[in-house]
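Spelled out from the first residue to the last, the chains are:
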Amino acid sequence: MQKVLPAFLVFTFFCVNTYSQEFKITGKVVDAVSEQPLEATTIYAESPKDSALVAYTISDEIGSFTLEDRSGVKEVNLFFSYNGYKTKVMRVQLKDHVKLGTLLLEEQAQELKGVSVVGDRVPITIKKDTLEFNADSFKTRPDATVEELLKKLPGVEVDSDGKIMVNGKEVSQVLVNGQVFFSNDPKMATKSLPKDIISKIQITDTKTKAQEFTGESGDGSSKTINLTIKEDMNKGILSRLTAGYGTDERYQANALFNYFNGDERFSLVAASNNINSSGFSFDEIYDMIGRARSGGFSVNRDGGFSIAGLNFGFGQGITTSNTLGASYANSKKGEYEITGNYFFSSSDSYNDERMSRENILPSGSFFTDRESSFEGNTMSNRGAADLIFDIDETLRITLAPSMSVNQTNSIDASSTRSSTENDGLLNENENLTSEDGVSRNFSNRFDITKKLDTLGTYVRLFFNNGNEQNNNVSRLNTVSRIFGDNARTDELNQNTEFEAENDSYTFGVNYRQALAEKLFLDLTYRQQEDKNSNVRSVFDLDELTGTYSRFNSALSSDFLFKTSRKTPSIGIKKDAEKLRLGLDMKYQFSDLDNSEFLRSTSFSKSYKNVLLNAYANYNLDKSKRIGVYFDSYVDLPRINQLQPVADVSNPLNVVTGNPDLEPSVSRNVYFNYNDFNWKERTGMFVYFGLNFHDKLISSVTETDEDLLRRTTYINVDGNYNHYGGVGYSKEIKKDSTLKVKFNFRPYFNLQKNVGFVNGQRLEAKRNSFTPRITTTLNFKEFLEVEPGYSVTVNSTQYNLESYDDINFTSHNAELKTTLYWPKNVIWANDIRYNYNGSVGNNFDKDAVFWNMSLGVQMFKKSATLKLLAYDLLNQNINTKRITGQDFIQDEQGTVLTRYFMMSLTYKFDQFGGKKSKEGNRFMF
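Values in this document were obtained by computation on a predicted structure and should not be read as measured data.

Q: Quick question: what am I supposed to make of the overall build of the chain here?
A: Helix and strand counts for the chain stand at six helices and 54 strands. For the chain, the residues scored as buried account for 50% of the 924 residues in total. Of the roughly 42,700 Å² that the chain leaves accessible, carbon and sulfur atoms contribute 53%.

Structure below.
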């Protein structure tokens, strides 16, 4: 590979220089009447032969532009487009330097009623708060998805998991014709919709529906992409089916159906597989070969995994999942907007894991080795809707109900051994836990907004509620053996019944008064009432009767926990085109009431906190933006941190709450700078954040001579978390022959965690630095090569003189290739190398993870047959090292290993009552 890639680059540049010539076109664009410069005019060149886009640029603040590139064509049609002006077109002969001088654009005359004007294909349009791309101006292969189209846009980056960034800002939602597509997960639209039905891609700062209605600006922290569908394709059907079966009885089946009818849409989705796939990334080739299985969906240590924000089952390890969902959307401008969805899911998971942990004590350390086996399954039903009704131009009512029912059961078996270097094995524990649970959740958001004038004055009333019920039955069987001078054996055989109800209600009013143009005064009152009740009944086994009938009052509890937060606030906002400022001051009154009925105890506490929030955003020009943010908030103690009742589910570490805890206060400062140079096709962003925590709730652990631990919680100061990074991207385009995109992204994280171990303050400073570099080379849409490399340097320092600093480094290298040759054949490879030299000798340190796919399109591209090879070298591992306040831990669990799968996919698209131009179209 080291010899092949340089040879390919040499060959590519030889072809570029042989068959194309460099050109440069300069000039200035001004208003024809006032001769004022027209900043952000789009200038683009097309080939007269086939209207293929050759190059484009944007004029600067004085109207000047330079369009330079390399092309094999001799002349181009040159277009000058500016919003509100007539598009100017001229034929230009290409040569080393074409000087056009000053060009005059005339204002667009008002369109006469009944006259239809056909718009030009402008690649990029910059409006006040919207960046708009014309989809047809960016060439992709015919069967491309929206995700592949986004990768072609300047300033847009899409990572291996489908996460989208625009000039360093994450895209939080992707809309289709202004509506949510199935769920808030952007990947639902980008991975399943074909590029050739898209007309425009519009990028704006993310706004809430309330901000859209009142005309407020978004805070600029995230972006929203809106995909507009071509008019002739906005009525029809888009569907696809995929089925695959492989070695080791691996299988997957996916189905998607979409019906479009103008502003109305209906969608169905179904998926079933045992390869850890979410089932929502349809037919996209890297998902099919394992991209989703190596990080495309989120998992947690308890085995849960989530799709589009929904929790489905247990996950970590290997999961068999089944999903069925439906979505509906409809709207009528100025009257209503309705979206709703329903999901059913079931899953079965298993995971075998081993862990080795070094626990830090002031006097030294001890070691814990653990092996565990987990099996679990779940069934989940969830439905949600967003209902918006515009009574008139000044009055809007919004409802957002959501509900879910989840059933889970699991069995978790573990074996734990604790030892020291000097004394050897001191204790061991065998644990078997089984659980069955049901949870029911209902929530709703209701608000009424009334605009009082056209300057921005409005009043909003809001009410939110959340109601949750959890019922759980668990059985604990554990045997603990203590060795040494205090040798003994302890056994627990218990059945625990847990019932909990959590009710939350929030109501308030927000009034905004316009003081001047773009200057506002905000007055808000917000009150939140929470009531959490839980009954924990522990029963020991009665050996005489063989039933769990002996009530254990010491470990049982019956709590009622109430919190009330009343928050009046005052703020001032400036929302100008270039400068946005905001300052809010809140005075929060918090009341806590806790009653424990079994022990007839109760306590009440009250807190008062002054909180400040502020932000400043300044647009330096069309492409540069700087922002500074400050916020503070209060975290109330959780009920398990307050309950003074021992949790003995892990007999080696008994945890008891502390009813004297106080709320913690966090203060955060965030800075960012974004710049994208359209002419140079370069982008850069810089960000850093400082997070400080006062009275953070931290653990306090006492470890005795038998290595048995007792843990509780206290408030401590001195914790922080600081982070930052830089991103730089550069795109080089040599006609339509070669495109190179370079990305460099170093980032860092600095943390300080404070706690207490055996009465001594323990501080851990954890620092990490990760430089990452990736490159994408695309040769004539024929071959795409994506190499990448990152290294993470970790350092952990403790305040104990007897303990040395911990330093370790991990390396990650990747190479992705996609070859579109011969015709109707796609060959893809995804190779990753991971090295973690810091883990212990009993764990695998490195592996080469190689996925391969070979797809053949058949029957006029209506079907595709694929051979998939997952983990071709059979080296997949998930070994990792983590460090904490008082530990260093290595762990490794169950992962999918090598399998081969053959799959067949069929796709049918029909728009406007006719099949698409290419017939039944299939895309990866």
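Next comes the rest of the description.
Q: Even after reading the chapter, I still don't get the environment of phenylalanine 366, so can you show me in this structure?
A: As for its placement among the helices and strands, phenylalanine 366 is situated in strand β24 (residues 364-392). If we skip the residues at most four places from it in the chain, phenylalanine 366 touches Arg357, Glu358, Asn359, Leu361, Ser418, Ser419, Thr420, Thr703, Leu707 and Arg709.

Q: Got a minute to help me understand the packing of aromatic side chains in this structure?
A: Counting across every chain of the model gives 13 aromatic pairs. Taking the centre distance of 5.0 Å and the plane angle of 25 degrees together, the rings of tyrosine 870 and tyrosine 899 count as stacked. Taken together, the positions of tyrosine 870 in strand β50 (residues 863-870) and tyrosine 899 in strand β53 (residues 899-911) put the pair 29 residues apart, joining distant regions of the chain. The same class applies to tyrosine 870 as to tyrosine 899, namely buried. Here the aromatic cluster, defined as three or more aromatic residues joined through ring pairs, consists of Tyr629, Tyr670 and Tyr723. Arginine 357 extends its terminal NZ or CZ atom over the ring of phenylalanine 887, reaching a point 3.9 Å from the ring centre. Between arginine 881 and the ring centre of phenylalanine 808, over which it is positioned, the NZ or CZ distance is 5.8 Å.

Q: What is the right way to look at the nonpolar core in this model?
A: The nonpolar side chains of a soluble globular protein tend to be buried with one another. Within the largest apolar cluster, 37 residues are counted, with the highest numbers of intra-cluster contacts made by Leu150, Leu193, Ile201, Ile225 and Leu227. In this structure isoleucine 225 touches Leu150, Ile164, Val171, Gln173, Val174, Leu175, Ile201, Gln202 and Ile203, once residues within four positions along its chain are discounted. Within the second largest apolar cluster, 19 residues are counted, among which are Ile25, Leu38, Leu67 and Val92.

Q: Hey, could you run me through the sheet that holds strand β5 (residues 75-81) in this one?
A: Each strand in a sheet pairs with another by means of backbone hydrogen bonds, the pair being arranged parallel or else antiparallel. Strands sit in the order β3-β2-β5-β6 across an open sheet of four strands; the sheet is antiparallel. At either end of the open sheet lies a strand with only one pairing partner, and these are β3 (53-58) and β6 (88-93). Neighbour-to-neighbour, the strand axes of the sheet open up by a mean angle of 20 degrees, direction not taken into account. Where β5 meets β6, six bridges bridge the pair, whose relative direction is antiparallel. Bridge pairing in β6 links phenylalanine 80 to lysine 88.

Q: Help me understand the side chain of threonine 567, please; the structure alone is not making it clear to me.
A: Note that threonine 567 resides in strand β32 (residues 557-575). Excluding its chain neighbours within four sequence positions, the residues that come into contact with threonine 567 are Thr524, Tyr525, Arg526, Lys586, Tyr587 and Gln588.

Q: Looking at this structure, how should I read the sheet that holds strand β7 (residues 98-105)?
A: Strand order in the open sheet formed by three strands is β4-β1-β7, with mixed pairing between adjacent strands. Two strands bound the open sheet, and with one partner strand each, they are β4 (64-71) and β7. Each neighbouring strand pair of the sheet contributes to a mean axis angle of 25 degrees, computed without reference to strand direction. One ladder, built from six bridges, connects strand β1 (residues 21-31) with β7; its direction is parallel. The residue of β7 that forms the bridge with aspartate 31 is leucine 105.

Q: Mind showing me how you'd approach the side chain of asparagine 658 here?
A: Tracing the sequence through the fold places asparagine 658 in the loop between β36 (653-655) and β37 (664-677). Since its relative accessible area comes to 17%, asparagine 658 is described here as buried. Here the side chain of asparagine 658 touches aspartate 660 through a polar contact of 3.0 Å, landing on its backbone nitrogen.

Q: Would you explain the pattern of salt bridges in this entry?
A: Two side chains of opposite charge can pair, provided their charged atoms sit close to one another. Summed over all chains, the structure comprises 30 salt bridges. Put simply, lysine 230 and aspartate 136 hold a salt bridge, and the shortest N to O gap is 3.2 Å. Residue lysine 230 is located in the loop between β15 (223-229) and β16 (235-246), and its partner aspartate 136 is located in the loop between β9 (131-134) and α2 (146-150); the two are separated by 94 residues in the primary sequence. Across the salt bridge formed by aspartate 205 and lysine 223, the nearest N and O atoms sit 2.8 Å from each other. On the criterion of sequence distance, the pair formed by aspartate 205 in strand β14 (residues 198-205) and lysine 223 in strand β15 is long-range, its members being 18 residues apart. What makes aspartate 205 buried here is its relative accessible area of 15%. Looking at lysine 223, the relative accessible area reads 16%, which means it is buried. The network of salt bridges with common partners includes Arg512, Asp522, Lys573 and Asp584.

Q: I keep staring at the environment of serine 345 and nothing clicks. Help me out?
A: You can see serine 345 is positioned in strand β23 (residues 336-361). Residue classification places serine 345 among the buried residues on the basis of a relative accessible area of 0%. Considering only alpha carbons, one finds serine 345 and threonine 378, 33 residues apart in sequence, at a separation of 8.0 Å.

Q: Mind showing me how you'd approach a nonpolar patch on the surface here?
A: A surface patch of nonpolar side chains, amounting to about 770 Å² of accessible area, comprises Leu515, Leu523, Ile570, Ile572, Leu583, Met585, Tyr587, Val610 and Leu612. Of all the elements in the fold, those that place two or more residues in the nonpolar patch are β32, β33 (579-596) and β34 (601-619). Ranked by residue count, the leading element in the nonpolar patch is β33, at three residues. Assignment of secondary structure puts tyrosine 587 in strand β33.

Q: Looking at this model, I keep getting lost on unusual backbone geometry. Mind explaining?
A: Trans is the prevailing form of peptide bonds, just as negative phi is the prevailing case for residues other than glycine. Residue tryptophan 821 is joined to proline 822 through a cis peptide bond whose omega torsion reads -10 degrees. Locating proline 822 in the fold gives a position in the loop between β47 (806-819) and β48 (825-836). Non-glycine residue glutamate 249 carries a positive phi angle of around 60 degrees. Along the chain, glutamate 249 falls in the loop between β16 and β17 (251-261). In this model, asparagine 758 sits at a positive phi of 50 degrees, which is unusual for a non-glycine residue. One can find asparagine 758 in the loop between β43 (747-757) and β44 (760-770). Asparagine 758 sits in the partly exposed class, given a relative accessible area of 30%.

Q: Sorry, what's going on with the environment of proline 663 here?
A: Tracing the backbone shows proline 663 in the loop between β36 and β37. When the C-alpha atoms of proline 663 and isoleucine 697 are compared, they prove to be 7.9 Å apart, with 34 residues separating the residues in sequence. With sequence-adjacent residues up to four places away left out, proline 663 is seen in contact with Tyr607, Val634, Asp635, Leu636, Pro637, Lys695 and Asn715.

Q: I tried to follow the pairing of strand β38 (residues 682-694) on my own but got confused; where do I start?
A: On any regular strand, side chains alternate: one points to one face of the sheet, the next to the other face. Looking at chain direction, β37 and β38 are connected through 13 bridges and run antiparallel. Note on β38: the bridge partner recorded for serine 666 is histidine 693. As paired elements, β38 and strand β41 (residues 719-734) share 12 bridges and run antiparallel to each other. When the bridges of β41 are listed, phenylalanine 692 appears paired with tyrosine 720.

Q: What am I meant to see in the confidence of the model for the chain here?
A: For residues with low pLDDT, the predicted coordinates do not support detailed interpretation. For the chain, per-residue confidence averages 84 on the pLDDT scale, and residues scoring 70 or more make up 88% of the total. The low-confidence segment residues 1-19, where pLDDT is below 50, has 16 contacts with residues more than four positions distant or belonging to other chains.

About the criteria used
- Residues numbered from 1 in each chain as written.
- Predicted model: local features only at pLDDT ≥ 70, side-chain atom pairs only at ≥ 80, totals over all residues.
- Heavy atoms only, no water.
- Helix = DSSP H or I, 4+ residues; strand = E, 2+ residues; numbered from the N terminus.
- Buried < 20%, exposed > 50% of the residue type's maximum accessible area, 1.4 Å probe, protein only.
- Areas by Shrake-Rupley, 256 points an atom, 1.4 Å probe, with all protein chains shown as cover.
- Contact = heavy atoms within 4.5 Å.
- Phe/Tyr/Trp six-rings, centres within 6.5 Å; stacked < 30°, edge-to-face > 60°.
- Lys NZ or Arg CZ within 6 Å of the ring centre and 35° of its normal.
- Core = buried A, V, L, I, M, F, W, Y, C linked by side-chain atoms within 4.5 Å.
- Pairing = 2+ DSSP bridges.
- Axes fitted to C-alpha atoms, helices over the stretch in contact; angles between N-to-C directions.
- Polar contact = N/O pair within 3.5 Å; in protein donor to acceptor, adjacent residues only side chain to side chain.
- Salt bridge = Lys/Arg side-chain N within 4 Å of Asp/Glu carboxyl O.
- Patch = residues over 30% accessible without salt bridge, like charges linked within 9 Å, V, L, I, M, F, W, Y side chains within 5 Å.
- pLDDT = per-residue confidence, 0-100.

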